[in-house]
Every structure is written in structure tokens, then in C-alpha cells.
Amino acid sequence: GAGVSQSPRYKVAKRGQDVALRCDPISGHVSLFWYQQALGQGPEFLTYFQNEAQLDKSGLPSDRFFAERPEGSVSTLKIQRTQQEDSAVYLCASSFQRGGGNEQFFGPGTRLTVL
Amino acid sequence: GNSVTQMEGPVTLSEEAFLTINCTYTATGYPSLFWYVQYPGEGLQLLLKATKADDKGSNKGFEATYRKETTSFHLEKGSVQVSDSAVYFCALPSRGNNRLAFGKGNQVVVIP
């Protein structure tokens, strides 16, 4: 079956532009996570959804970051007024079970470069 | 919250050499522990896991034992191949079990 997919794979934005990153999780997976991975670092948690409910958004670095999963499947991470420090790889992961304590399946990521 | 620490720096070794990557953890209780691998150009994928103390996870010739006495989960492989070249991340659930907390990762380069 299909794994987690993300689009676009690469995004270049000028500083101040808004961007939207899409994640298609594995069908039937209850949990969905977004992580930010800076160059040479491990992924850092951004936010967690259980079905359509955003249960934890404590990792979002500022109010410019917004995520949604309105129907409990596809999710979008939106970054408003992008800044250079937002340049990173954004990873989406999904899990069949609730919570973050089980195996998470990762997408290939979206590499965002803000000029 | 729970956290993991990985040894600093990349690891370069020759084919068929023995590989060890250190991972120590700080946690409340005994959460599951994971090793994820990221091959060039690909997403992270689960390599192995252990769900309780003294468990040994294994996959593709890699092993890691959940040791509560030393709070460690070191990754080992007896004979590496060029295809094992990748970045390896240690991870555990954290902050109310709503996320995985990852180490910084270790780049492994295997030379023929």
C-alpha cells in the first residue's frame, strides 16, 4: 500500500510569502504528526492530531505557523510571512494507534528554503 | 520531558567493520525506545524498537538492548555494508506521549 506522501517535495519562498505544505497519511491512521528538521539535526515536534482534533500544538514556534486536518485524513501545515529561520525540512508522520508512543511512518518531507 | 542523547559526530568505517552508535535516555518510567534510519533522499523509517527493559530489538543485522541500569539503547551491527550508509536516530515518546523526541542523529559512512 501507499505510504505517507508529502507535497511539494521542495519549496522556495521569498521572505514574507505564505506557504502551504500538504501531508497525505496512510489510510486509516488515526494519529498525524508534523516535525521540523533543521540541517544536521534530529526532527523536532511541531504538532499532533488525533483524527481531526489537534491535541497538541505546543511545538509550533510562532503564531505564524498553523496546521489543520479538517476531515481526519489529509493535513496542511501553513506558514505565514515566512522568515529565513523557517528554512528546514518539514516531516509528516502518521500512526495507526493513538499517541506518539508507537511506530510512526514518515513521509519524505518538504524541503523549504526561504530566501 | 523524556529525552535521548546520541554520541557526537559522524562515523566512518570500512565495510565488514563492527558498528556501535551510543544512545542514552532520560525518562519517567520505561517508555518504548526506537532507532530510526534515514537513507539518502528518503524519509525516516523505523529500524528497530524495544518496548520494555531488557528487551532486544533487531532488524537487518542491527541490534539494540534496552538497558535500564545504564539508561542506554546502543545500536550495534557486527559487519556493516556500504548500503548501511545513512543517518541513524535514537528516539522515545515524550511530553504526555504526544510526540517522539529524537537525538541529533549520527551519519554513518561505510567505505568499500
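Figured I'd write up the structure that's included with this text. Counting restarts for each chain, with residues numbered from 1 along the sequence as it is written. Chains and ligands are labelled by the order in which they are written, letters from A for the one and numbers from 1 for the other. Per-residue local features are limited, in this predicted model, to residues with pLDDT of at least 70; the limit for side-chain atom pairs, both in listing and counting, is 80 or more; totals at the level of whole chains, interfaces and linings are taken over all residues. With hydrogens and water set aside, each side-chain value is computed from the structure's full complement of heavy atoms.

## Re the overall build of chain A
In plain terms, the rule: Here a strand is any run of E in DSSP of at least two residues, a helix any run of H or I of at least four, and the numbering for each starts at the N terminus. In this treatment the radius of gyration is a C-alpha quantity, and the globule benchmark scales as 2.2 Å times the residue count to the 0.38 power.
When its secondary structure is counted, chain A shows 0 helices and 11 strands. Ordered by position from the N terminus, the helices and strands of chain A form the series β-β-β-β-β-β-β-β-β-β-β. Taking 115 residues into account, the globule formula puts the C-alpha radius of gyration at 13 Å, and chain A, at 13 Å, falls close to it. Oriented by its inertia axes, the alpha-carbon framework of chain A measures out at about 40 × 25 × 25 Å.

## Let's talk about the nonpolar core
Defined as follows: In this text, buried Ala, Val, Leu, Ile, Met, Phe, Trp, Tyr and Cys residues form a nonpolar core when linked through side-chain atoms within 4.5 Å. Buried, partly exposed and exposed residues are distinguished by accessible area as a fraction of the type maximum, computed with a 1.4 Å probe on protein chains only: under 20%, between the cut-offs, and over 50%, respectively.
Within the largest apolar cluster, 27 residues are counted, with the highest numbers of intra-cluster contacts made by Trp-35, Phe-73, Leu-75 and Tyr-88 of chain B. If you list the elements that add at least two residues to this core, you get β2 (11-14), β3 (19-21), β4 (23-26), β5 (33-38), β6 (44-50), β8 (62-65), β10 (86-94) and β12 (106-111) of chain B. The greatest single-element share of this core, amounting to 4 residues, is contributed by β10 of chain B. Among the nonpolar cores identified, the runner-up in size contains 20 residues, and Val-4, Val-19, Leu-32 and Leu-112 of chain A belong to it.

## Topic: the packing of aromatic side chains
For any pair of aromatic rings, geometry is given as the distance between the ring centres together with the angle between the planes. As a reminder, the rule being used: Here a pair means two rings of Phe, Tyr or Trp (six-membered ring of Trp) with centres within 6.5 Å. Their orientation is stacked below 30 degrees between planes, edge-to-face above 60, and tilted elsewhere. Charge over a ring is defined by NZ of Lys or CZ of Arg lying within 6 Å of the ring centre and within 35 degrees of the ring normal.
Under the defined criterion, the tally for this structure stands at 14 aromatic pairs over all chains. Relative to Phe-73 of chain B, the ring of Tyr-66 of chain B has its centre 6.4 Å away and its plane inclined at 65°; by these criteria the two rings are edge-to-face. Owing to a relative accessible area of 0%, Tyr-66 of chain B belongs among the buried residues under this scheme. Counting every residue linked through ring pairs, the aromatic cluster contains Phe-33, Tyr-35, Phe-45, Tyr-48 and Phe-106 of chain A together with Phe-34, Tyr-36, Phe-89 and Phe-102 of chain B. Between the NZ or CZ atom of Lys-68 of chain B and the centre of the ring of Tyr-30 of chain B, over which it lies, the distance is 5.6 Å.

## Focus on the side chain of Thr-76 of chain A
All names here are of chain A. Definition in use: Whether two residues are in contact is decided by their heavy atoms, any of which lying within 4.5 Å being enough.
Relative to the assigned elements, Thr-76 resides in strand β8 (residues 75-79). Of the residues examined, Thr-76 reaches a relative accessible area of 18% and is grouped as buried. In contact with Thr-76, not counting residues within four places along its chain, are Ala-20, Leu-21, Trp-34, Phe-66, Ala-67 and Glu-68.

## A word on the environment of Ala-50 of chain B
Residues and elements named next belong to chain B. Its location among the elements puts Ala-50 in strand β6. With relative accessibility at 1%, the residue Ala-50 sits in the buried group. Distance from Ala-50 to Lys-104, taken between C-alpha atoms, is 20 Å for residues 54 residues apart in sequence. Excluding anything up to four places from it in sequence, Ala-50 contacts Ser-32, Leu-33, Asp-55, Gly-57, Tyr-66 and Phe-73.

Read these as layout, nothing more, since geometry by itself doesn't imply function.
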